[in-house]
Amino acid sequence: MESIAKDRENIPLSESDIHFAKDTLDRIRQELSGEITGQEAVVKNLLISLACQGHVLLEGMPGLAKTLLAKSLSSALDLDFKRVQFTPDLLPADLIGTVVFNPKNGEFTTRKGPVFTGVLLADEINRAPAKVQSALLECMEERTVTIGENTFPLERPFLVLATENPIDQDGTYPLPEAQMDRFFMKVLVDYPDMDEELAILEQHGKLAAGPKRIKKTATAKDVLKISSLVDRVHVEPKLKSYIVRLVRNTRPEEKTVPDLLPYVKHGASPRASLSLLKASKAKALWEGRDYVAPEDVKAVLPEILRHRILLTFEAISEDVGIESVVRIVSDATQVL
């Protein structure tokens, strides 16, 4: 099976393959633009993650259309959508389901939870306790759900969109590093500019208008096909070396970037290298190319690394943010 998969990756992409991927992603983005005003970078990174079947952590203040974006995406993709509001009293059974005893026939039956869907919005994910986080961890990494003695596979594509508030930390449970690493990207959702906010008033300011109907522009099969095409995008060996060196240079143990030593406690894992490779290939394919350029790697670097680097207390005290650390790594690493 491994040799068959490797042979499939070596098949060159045709013009029709590239056109299919680009046209499908463009149509999804165009459909989302009818409901989402602005946030172009957020939508673009979300669709790159979708092409790679990766989960996304959205960080932003309330009211910035994170929930609307998740709903609109699921509608455009003809996928089921479920939203779970994470709270301190949430139980694992509320998320994955449970086993229920039926007194009529004396048998136990499995009642599946909201995690059995295409797009799961985990709203304010850092408000749930550790047991819920661990239950979600299996779903994200293994794409399986264990309820009682039974393990069920999740349908593909399965995408977790998790949100968290960057400033309200009262009553929250910080996500463990192991779970943070499972997110393909961490995307920052910022305030719109003046023109965009005026456009939001025009678009959503009428009480009688109701929600706009999103047209179904792609199926689950289309998403899976795009993912298979991403695998076939060519990456030069020197660019693979560049990706690995970028990630390794975030680790203080390497001592390759002296300016980072006082500020980084733990660097990114090899999963970051894999994510950076996949995201670069997806971006190149979306732009109509069958090969990755260094600019593709640099463009997706912040979203791949910002949640995988742990800063020291010295960095926090000196107000050295994660964006600055990523910029230092990017500037210090050259394509050889």
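Residues numbered from 1 in each chain as written. Predicted model: local features only at pLDDT ≥ 70, side-chain atom pairs only at ≥ 80, totals over all residues. Heavy atoms only, no water.

An unreviewed UniProt entry annotates the chain as MoxR family ATPase of Leptospira andrefontaineae. The Sequence similarities (unreviewed entry) comment attached to the chain in UniProt states, word for word, "Belongs to the MoxR family." (UniProt positions renumbered as here; feature names shortened; annotations may be inferred.)

Draft legend 1. Layout of helix 4 (residues 66-76). In terms of residue burial, helix 4 counts as a mostly covered element, since eight of its 11 residues are buried. Just downstream of helix 4 lies D78, where phi reads positive at about 55 degrees. (Buried < 20%, exposed > 50% of the residue type's maximum accessible area, 1.4 Å probe, protein only. Helix = DSSP H or I, 4+ residues; strand = E, 2+ residues; numbered from the N terminus.)

Draft legend 2. Spatial organisation of the pairing of strand 1 (residues 56-60). For strand 1, the tally of buried residues reaches five of five residues, placing the bulk of the element in the interior. Here strand 1 shows a buried face lined by V56, L58 and G60 and a second buried face lined by L57 and E59. Inspection of the sheet shows strand 1 paired to strand 9 (residues 185-189) by five bridges, in the parallel sense. In the sheet register, E59 faces strand 9, and the bridge partner there is L188. (Pairing = 2+ DSSP bridges.)

Draft legend 3. Looking closely at the nonpolar core. Formed by 70 residues in total, the largest nonpolar core has its most connected members in L73 and L276. When we break this core down by domain, the ones giving at least three residues each are domain 1 (11-208) and domain 2 (229-332). Not counting residues up to four positions away in its chain, the partners in contact with L73 are I28, L32, L46, L47, L50 and L159. Core analysis: the second largest hydrophobic core is formed by 27 residues, L57, F86, I96 and F116 among them. (Core = buried A, V, L, I, M, F, W, Y, C linked by side-chain atoms within 4.5 Å. Domains from an automatic or database assignment. Contact = heavy atoms within 4.5 Å.)

Draft legend 4. Inspection of unusual backbone geometry at higher detail. Residue P157 is reached from R156 by a cis peptide bond, and omega for that bond is 0 degrees. Topologically, P157 is positioned in the loop between strand 7 (150-153) and strand 8 (159-164). A positive phi angle is found at K255, which is not glycine, with a value near 55 degrees. The topology assignment puts K255 in the loop between helix 10 (237-248) and strand 10 (264-266). The exposure class assigned to K255 is exposed, which follows from its relative accessible area of 63%. The backbone phi angle of D319 is positive, close to 60 degrees, even though this residue is not glycine. Counting through the fold element by element, D319 comes out in the loop between helix 13 (313-317) and helix 14 (322-332). Taking relative accessible area as the criterion, D319 reaches 70% and is therefore assigned exposed.

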